[in-house]
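Residue-level structural notes
Chain by chain, the residues:
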Amino acid sequence: MRQTVSVGPLPRIRVGRISGDLVVRPGELQRVLIESDHALETRLAREDEESLVIGDCRGDLKLWLPADAVLSVSRLAGDGNIQGIRRCELEEALQDLVAERLTEALILGRLAGDLRVRAVPLVQVRGEIRGEGRVREVERLEASTVVGDLVVEGGGTVLLGSVGGDLRLPAVAASLRCGRVGGDALVQGGGDTGVVLGQVKGDLELLGAAQVYVGSVEGDAVLRDISGGVELGRVGGDLDCREVAGQLRVSHVLADAVLKRVHASLEIGTVEGDLSLQADFPPGSATRLNVNGDAVLSLPAQANLTLRAVVGGNVSGADLGQELGETRLLSLVYGSGDALVDLRVAQDLRLQGGDHPRTSEGAFYSRVWSWEDFEQEMKAFGRTMTTLGQELAREMTRLAQDLTRELAGAGGESSARWSEEVLRMLEEQTRRAQERAAAWERRFARFWPQGGGPRVRLRFQEREWQMDPERLYRMLDQAQRAAAEGVAGAMEAVERALRNLGLASSTEERWRASRGPAAESKEEMSATQSAEPASGTEPRKPTSSAQQSGWHPAEQPQPVAESSSDPAATAAEPEREREAILRMIAEGRLSPEEGDMLLEALGPE
């Protein structure tokens, strides 16, 4: 049955409940054509504006409306297909909905099926979409909750509360803000696109953006061509980030990280796996990294930076010429050293590219800076990196609140529920950040002594070492044990080297005092049973500063001359002592750094 009603300009058509399908097409100017299975009650109402009111429809309904009409439907039980009018407002739809070529907006409440939209400037979903969504050529999309997948092609601004499945934005022009993605997320933007994502449960692939802000990615994260800065809270898989013009900050990467063509400052709290980094390191920039696996650092051809690192494994590189020993502090200066690179690498570090670095001792030794300054810097670095996640969590809290306010008109209670979910996630992330902060302190504890005791600065000719007193005591303990176990000359070699370094007798006296009379008598007995007699050289008296603290060496000590009635024994004694030191290194009693220091202090072969 057909009915025709004449209406004025900019008409509003109000329809009650529709138990079947709805089809809307553009018709003749200022006329409404109604087609249904049964006759419908219609009337013209004048309230704030003139409206055509159509009663409930028990079957399917077809409407031909003026192009400038606004259609309002309270409930649609079947499918909907709406095209060619100005605006459509649908409070509830129980099946699928298609909307095309609306000149103003599509406003939805709750949709139980799928949504298909094309060429609509504004799409606003106040409730949830239970199915999937596919939106094309929209200037602005606002949706509180999409349970399934969502694809947005040719979107300008996209504002989303939660997407339960995958999110795909092959071409977003202005901005994307989304609280939660339950699956994977693919975003392709441009040089002016801002991207803010609270939580991605799957993988993230982001190709092209101006600014990127992501709270958490449970899978892998791939980022390309970012013209501004990037901030990432937590990446549960691998991180692959290339061509970033702005600052890059990442709280935690649980697997490997590959960073290429980074052009500004860089901070990563923790990379649990391996790291490969290639960056420009521009003057004035600061790069701070904590890597629990291996690290490969590719430097520019004309590097201009200061590299400081704590390395648990080997250090190698083309310009170093050979591998360095394990567990060392490393400081290298390239060019004028205008950029700063701080690293904590638990395993091996490999340096690639760059000019020949310069240090005060040459390329094969770590340059030693102030232990006190270094300790404070590394502790501050640890606190900064592990609180980075907390800072991002606070920012994500603000994001959740902002999104809730912005989606309040388009989401109602579902926006509030999404906000609560995101806030719970952020609280968990903050707790994990606090645990990582405590773990950081435990990991670094082995690089400095506990208790804040004084450190010894040892200098011999052109070489310098710094270490805490406990390491000196440990070397004497190891020397005593080695002598008792048959390593001839072990105790004499260590004592002679320490005296040559200017520690005089105060080191030995404090060491013996700390061990007690019983240990001292046992030591004398072991020395008596040794195959070779101990050196009879009297130690030099300590300087006034050494008398006060017992730990300050002379400015430039010289080897102490030994005397012996047997010239052959005197000539053989240095060789025996060097052999004792080398044997202690081979047996693991001394670290390579400690052995290097003692051999240097004993003098040339």
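Below is a summary of the structure that appears in this document. Computed from a predicted model, the values in this text were never measured in an experiment.

Scanning the protein from N- to C-terminus turns up 9 helices and 37 strands. A burial count over the protein gives 54% of its 605 residues as buried. Taking all contacts inside the protein whose residues are at least 6 apart in sequence as the whole, residues at least 24 apart take part in 43%. Surface accessibility of the protein: about 25,700 Å² in total, with carbon and sulfur atoms responsible for 46%.

Together, Asp166, Asp184, Asp203, Asp220, Asp238, Asp256 and Asp274 give the surface a local cluster of negative charge. Its place among the elements puts Asp184 in the loop between strand 17 (167–181) and strand 18 (185–188). Of the residues examined, Asp184 reaches a relative accessible area of 36% and is grouped as partly exposed.

Bringing helix 9 (residues 592–602) into the picture now. Every buried residue of helix 9 is accounted for by Glu594, Gly595, Met597, Leu598, Leu599, Ala601 and Leu602. Gly603 sits one or two residues past helix 9 and shows a positive phi near 100°.

Attention shifts here to the packing of aromatic side chains. All told, the structure shown has 0 aromatic pairs when counted by the stated rule. Above the plane of the ring of Trp64 lies Arg2, whose end atom (NZ or CZ) is 5.4 Å from the centre.

All right, on to the pairing of strand 2 (residues 12–18) then. Of all the 7 residues making up strand 2, 5 are buried; the element is thus mostly covered by neighbouring parts of the structure. Pairing geometry for strand 2 and strand 6 (residues 50–54), over 4 bridges, is parallel. Along strand 6, the bridge assignment pairs Val15 with Ile54. Note that strand 2 and strand 8 (residues 70–76) share 6 bridges and pair parallel. Each residue of the ladder has a partner; that of Arg17, found in strand 8, is Arg75.

Attention shifts here to the nonpolar core. If you look at the biggest cluster of nonpolar residues, it comprises 106 residues, and the most contacted ones within it are Leu71, Leu106, Leu239 and Leu349. Residue contributions to this core peak at 6 residues, all from strand 17. When sequence neighbours within four positions are dropped, the list of residues in contact with Leu349 reads Ala295, Leu297, Ala309, Val311, Asn314, Val315, Ser316, Leu330 and Leu343. Core analysis: the next-biggest nonpolar cluster, separate from the first, contains 23 residues, Ala479, Met584, Met597 and Leu598 among them.

We now examine the environment of Cys178. Within the secondary structure, Cys178 is located in strand 17. Cys178 sits in the buried class, given a relative accessible area of 1%. Measuring from C-alpha to C-alpha, the distance between Cys178 and Val200 comes to 9.5 Å, with 22 residues separating the pair along the chain. Residues within four places of Cys178 in sequence aside, it is in contact with Leu160, Gly161, Val163, Leu167, Val196, Leu197, Gly198 and Leu403.

About the criteria used
Residues numbered from 1 in each chain as written. Predicted model: local features only at pLDDT ≥ 70, side-chain atom pairs only at ≥ 80, totals over all residues. Heavy atoms only, no water. Helix = DSSP H or I, 4+ residues; strand = E, 2+ residues; numbered from the N terminus. Buried < 20%, exposed > 50% of the residue type's maximum accessible area, 1.4 Å probe, protein only. Contact = heavy atoms within 4.5 Å. Areas by Shrake-Rupley, 256 points an atom, 1.4 Å probe, with all protein chains shown as cover. Patch = residues over 30% accessible without salt bridge, like charges linked within 9 Å, V, L, I, M, F, W, Y side chains within 5 Å. Salt bridge = Lys/Arg side-chain N within 4 Å of Asp/Glu carboxyl O. Lys, Arg positive; Asp, Glu negative; His and termini not counted. Charge placed at Lys NZ, Arg CZ, Asp CG, Glu CD. Phe/Tyr/Trp six-rings, centres within 6.5 Å; stacked < 30°, edge-to-face > 60°. Lys NZ or Arg CZ within 6 Å of the ring centre and 35° of its normal. Pairing = 2+ DSSP bridges. Core = buried A, V, L, I, M, F, W, Y, C linked by side-chain atoms within 4.5 Å.

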